[in-house]
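Structural features, examined
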Amino acid sequence: MRRTLGRISATIASVVAAFALLPAGQAVADAKQCIKAPGPGTYNEACMYIYGNSTWVDKVEVWLSATHVMPPIIYPADICRSKLDVWGRSSASGHWEQTYTHQGCHTGTQGALFTAEKNAVSGSYVCSRTTWDGKASDTNCFQIWL
């Protein structure tokens with residue numbers, strides 16, 4: 001039992017450390033990145049997935065995931081009323097942003113799919129942020145290149 005708990009704790013610690021060291025990603029095609037975030041679980045992630053190609057940003061999916069970790073049990077946490085933001089810079093219209101706030105609760109993950117359909121400025125960033133219970137995650141960004 002102790003050996004299992006030690007392995008679970010070591011695995012969780014290495015995953016958390018790996019996410020903490022991630023730099024801003026670079027997107028030239030579909031891309032996903034998650035960072036540690038405030039949330040209702042003992043382990044929470046703010047994630048972003050960009051659907052697109054080169055500088056074209058078709059859609060951006062943003063979500064908050066929450067997990068309770070009480071070794072040896074790991075189970076999804078209930079997430080209520082999260083706010084999801086995404087923004088970037090398009091070559092045609094300049095700065096753009098979209099926000100969605102959930103009014104209810106979901107177990108494990110709460111997210112939104114934003115339709116961007118924009119050509120981003122090469123070298124600019126598409127960024128997202130999740131907010132739960134008034135606590136915002138760090139900014140999660142991808143740099144867009146030709």
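Residues numbered from 1 in each chain as written. Predicted model: local features only at pLDDT ≥ 70, side-chain atom pairs only at ≥ 80, totals over all residues. Heavy atoms only, no water.

As a further point, take the pairing of strand S5 (residues 73-76). Inspection of the sheet shows strand S4 (residues 56-70) paired to S5 by four bridges, in the antiparallel sense. Bridge pairing in S5 places His68 opposite Tyr75. Remark: two residues form the turn of the hairpin made by S4 and S5, two consecutive strands paired antiparallel. (Pairing = 2+ DSSP bridges. Helix = DSSP H or I, 4+ residues; strand = E, 2+ residues; numbered from the N terminus.)

Here the focus is the pairing of S4. Pairing geometry for strand S3 (residues 43-53) and S4, over 11 bridges, is antiparallel. Bridge pairing in S4 links Tyr51 to Lys59. Two strands pair when backbone bridges link them, and S4 and strand S10 (residues 109-119) are joined in this way by nine bridges, in the antiparallel orientation. Residue pairing across strands places Trp56 opposite Asn119, the latter belonging to S10.

Let us look at unusual backbone geometry. Residues apart from glycine generally show negative phi values, whereas peptide bonds are mostly found in trans. The amide bond that connects Pro71 to the next residue, Pro72, takes the cis arrangement and shows omega of 5°. Structurally, the position occupied by Pro72 is in the loop between S4 and S5. Despite not being glycine, Ser54 has its phi angle at roughly 60°, a positive value. The residue Ser54 is located in the loop between S3 and S4 in this model. The phi dihedral of Arg81 falls on the positive side, at around 50°, and the residue is not glycine. Here Arg81 lies in the loop between strand S6 (78-80) and strand S7 (83-90). Overall, the relative accessible area of 53% leaves Arg81 in the exposed class. (Buried < 20%, exposed > 50% of the residue type's maximum accessible area, 1.4 Å probe, protein only.)

Following the criterion strictly, the structure yields one aromatic pair and no others. Between Tyr49 and Tyr51, the ring centres sit 4.5 Å apart and the planes meet at 50°, which makes this aromatic pair tilted. Residue Tyr49 is classed as partly exposed on the basis of its relative accessible area of 22%. Classification of Tyr51 as partly exposed rests on a relative accessible area of 29%. (Phe/Tyr/Trp six-rings, centres within 6.5 Å; stacked < 30°, edge-to-face > 60°.)

Attention now goes to the pattern of salt bridges. Scanning the model with the defined rule gives two salt bridges in all. Salt-bridge contacts for Lys83 lead to Asp85; the nearest nitrogen and oxygen are separated by 3.9 Å. A salt bridge links Lys135 to Asp133; the nearest nitrogen and oxygen atoms lie 3.1 Å apart. Since its relative accessible area comes to 40%, Lys135 is described here as partly exposed. (Salt bridge = Lys/Arg side-chain N within 4 Å of Asp/Glu carboxyl O.)

Spatial relationships are all this shows, so hold off on functional conclusions.
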